[in-house]
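Commentary on secondary and tertiary structure
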Protein chains: 2
Amino acid sequence: MKIATLRIPVDRVSNTGTPDGQLVVVSDDLTGIEGMAAQSLQEWLDKGFGNVTRNHSLSFPDSGVHSPLPRAYQFLDGSAYVNHVELVRQARGAQMPDSFWHDPLMYQGGSDSFLAPTDDIVGDPDWGIDFEGEIAVITGFVPMGASREQAAEAIRFVMLCNDVSLRNLIPGELAKGFGFVQSKPACSFSPVAVTPDALPGWDGAKLHGVLRIDLNGEPFGRVDAGTDMTFDFPTLIAHAARTRNLAPGTIVGSGTVSNKLDGGPGKPVAQGGAGYACIAEQRMIETILTGAPTTPFLRPGDHVKIWMEDDNGASIFGAISQTVRHIKDKT
Amino acid sequence: MKIATLRIPVDRVSNTGTPDGQLVVVSDDLTGIEGMAAQSLQEWLDKGFGNVTRNHSLSFPDSGVHSPLPRAYQFLDGSAYVNHVELVRQARGAQMPDSFWHDPLMYQGGSDSFLAPTDDIVGDPDWGIDFEGEIAVITGFVPMGASREQAAEAIRFVMLCNDVSLRNLIPGELAKGFGFVQSKPACSFSPVAVTPDALPGWDGAKLHGVLRIDLNGEPFGRVDAGTDMTFDFPTLIAHAARTRNLAPGTIVGSGTVSNKLDGGPGKPVAQGGAGYACIAEQRMIETILTGAPTTPFLRPGDHVKIWMEDDNGASIFGAISQTVRHIKDKT
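Residues numbered from 1 in each chain as written. Chains lettered and ligands numbered in written order. Predicted model: local features only at pLDDT ≥ 70, side-chain atom pairs only at ≥ 80, totals over all residues. Heavy atoms only, no water.

Focus: the environment of A:Leu236
All names here are of chain A. Keep this limit in mind: A run of H or I in DSSP counts as a helix once it spans at least four residues, and a run of E counts as a strand once it spans at least two, with each numbered from the N terminus. Throughout, a residue-residue contact means that at least one pair of heavy atoms, one from each residue, lies within 4.5 Å.
Assignment of secondary structure puts Leu236 in helix H5 (residues 233-240). Linking Leu236 and Ser67, residues 169 residues apart in sequence, is a C-alpha distance of 22 Å. Those residues in contact with Leu236 that sit more than four places away from it in its chain are Gly78, Ala80, Pro104, Met106, Phe231, Val252, Gly253 and Ser254.

Below you can see the structure in the form of structure tokens.
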């Protein structure tokens, strides 16, 4: 099943609307709405499936769609593609601890108000605004100390994520050791989330398929999400649940998808490589190869699109499609 | 106004209950329930105040009360009492960067399923289980880039927090730089949250008053929450909102309350000092004074109580009152 959440803006005067939006069932080909749910996605995850009114035949809109969970009680983002982490270290001349290959990096991310998949990314270009193309899952309840098998069974939906990152704020925050707060602002998810049983390329633990990223209409990344993923989703979920229960509606992200090339750094798409799922990684490769980065981070007006296609070239999740806007500019 | 949330366990078979509980208005002296709200605290924060059915005269129960927000979309915990951070560093022979006096430490904490104020703290004693007595506020909407003044106006409720910490897991996680995930499991809040206008000792930015902590029935901390707080709540909230909006229902914590004594480390309550709001701090003082800690972290059966009294000795927020249970032991 494919689901999406339509926006219903809160109006405090007329007392209408809800931050949780209207949950709908979407046709497999993403052209139509097949049903309206009587509850939000969070309520569905909390209390089990409720009624879905079928036989609607609305077309699925290009805009007005929110992230499947417009807000979540938890977002835990891993760094499952350890190649990405190794490159970060290599670019700054540091050794990566061997433990990083068996102990996942994971941070607790902001989840109080996600961006919609077509919302502007608002910020100050001096912050070093970047995108990160990721895979993410939504879980049901996971008990403290869950095994990998229990974790795998708790995966309810899979979706794509743009984990917006403010690169110039990251070094200062990481040095403090308390993780990302200012350097990881609101992120966005694909318009559609898909149940594991309806998802081509899902093997129960990883999603196999090419994550497509265009920057300003040019291919930037064509990275395979099923390759070079050191920690699969059940491993990430079990890591998160080691010392606490995870409530229904927990989102677990993969971290930036990152592919090696012949065991070493990849190449840009334009040079025949798989490219990258974030600008930082391209800059790291540039630094390793030439001593300095040349690709700038995002500037106002820049546009990023993130999506995935099935074997027939049809979009699986719809597209994250966002434009950067300066914090000083109004909509 | 004082509010609390009664538990209504979810039963998927009968399709009753809600993780968000029943919001009630509590009498100032915490003896009675004065009204039942038609919505949860989160809905109240989302959409504005709704109806409260008055003239109930139920007594306020000793148990069955959840944390005011049983789950929240965001929990950001600062380290506002920099004395605490300085002691941590001093105990391990490290210098604290000067920037820590003007750039708040803050981490994104788990908020998907808080413990109730009387729930057991479940864990493995080898993890080094500790309590942390804190003050916390619940905010309304805070726009990105908010000033201190805007942040101050957004404070809706004040409450107490026990930020449970797993001390033996912290060094490994901090070394990874991504913040706390496994080492900060579910925390709990006081049974009652209080609006700023009804809170004795609240000056608009800090809460003045003695945070009382008993360990196994003996006084462990009598620390003043209004003293030695380097970063007040408006500063912490504005720090959190620098690069993103904060949604209604965001919880911002102060970090462990910590008092200096004559400009240096404090003394245990038994020796006439204000004591400590966590065991780790007492262990740090022991390490600084004698070279090694002597107070153990929490063991199964240990009990911690955290509360605050007004000038007449009446409890303001009710008490957090929790017993430690081994993860292998059933309820």
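Having seen the structure, we can now continue with the description.
Looking at the pairing of strand S3 (residues 32-37) of chain B
All names here are of chain B. Test applied: By this definition, two strands are paired if DSSP reports at least two bridges between them.
Here strand S2 (residues 16-26) runs beside S3; their pairing, made up of three bridges, is antiparallel. Looking at S3, one finds that Val26 is bridged to Ile33. In this structure, the hairpin formed by S2 and S3 is closed by a connection of five residues, where Leu30 is found at a positive phi of approximately 65°.

Let's talk about the relation of the copies chain B and chain A
Put simply, the rule reads: Least squares is the method used to superpose the copies, on C-alpha atoms of residues holding a pLDDT of at least 70 in both.
In the superposition of chain B on chain A (RMSD 0.0 Å, axial shift 0.0 Å), the rotation amounts to 180°. With respect to symmetry, the two chain copies, as superposed, fit the operation of a two-fold axis. When you check the interface residues of chain B against chain A, 100% turn up at the interface there too, and the contact is symmetric in its surfaces.

Some details on the sheet that holds strand S15 (residues 210-215) of chain A
All names here are of chain A. The condition is simple: Whenever a helix is involved, its axis is fitted only over the stretch in contact; in every case the axis is a line through C-alpha atoms, and angles between N-to-C directions fall within 0 to 180 degrees.
Read from one edge to the other, the open sheet built from five strands follows the order S8-S19-S18-S15-S16, with strand pairing classed as mixed. Across the chains shown, the open sheet's two edge strands, defined by having one partner strand only, are strand S8 (121-123) and strand S16 (218-224). Direction aside, the axes of adjacent strands within the sheet are offset by 20° on average. Summarising the sheet, strand S18 (residues 303-308) and strand S19 (residues 320-326) pair through four bridges and their orientation is antiparallel. Its bridge partner lying in S19, Ile306 is registered against Ile320.

Focus: the packing of aromatic side chains
What counts is decided by this rule: Only centres within 6.5 Å qualify two rings of Phe, Tyr or Trp (six-membered ring in Trp) as a pair; their planes then separate them into stacked at under 30 degrees, edge-to-face at over 60, and tilted for everything else. Exposure categories follow from relative accessible area, calculated using a 1.4 Å probe and restricted to protein chains: below 20% of the type maximum is buried, above 50% is exposed, and the middle band is partly exposed. Placement of a charge over a ring requires the Lys NZ or Arg CZ to be within 6 Å of the ring centre, with the centre-to-atom vector within 35 degrees of the ring normal.
Inspection of the entire model under this criterion finds 21 aromatic pairs over all chains. With a centroid separation of 4.1 Å and an interplanar angle of 15°, the aromatic rings of A:Tyr73 and B:Tyr73 are classed as stacked. Taken as a pair, A:Tyr73 in the loop between strand S5 (65-66) and strand S6 (74-78) and B:Tyr73 in the loop between strand S5 (65-66) and strand S6 (75-78) lie in two separate chains rather than in one. Considered together, A:Tyr73 and B:Tyr73 belong to a single accessibility category, that of buried residues. Judged by centre distance (6.1 Å) and plane angle (40°), the ring pair of A:Trp202 and A:Phe233 falls under tilted. Here A:Phe233 lies in helix H5 and A:Trp202 lies in the loop between strand S14 (193-194) and S15, a separation of 31 residues in the sequence. Each member of the pair, A:Trp202 as well as A:Phe233, carries the same accessibility label: buried. It is B:Arg283 that lies over the ring of B:Phe297; its NZ or CZ is 4.1 Å from the centre. One Lys or Arg, B:Lys305, reaches over the ring of B:Trp307 and ends 4.5 Å from the middle of that ring.

All we've got here are geometric facts, nothing functional implied.
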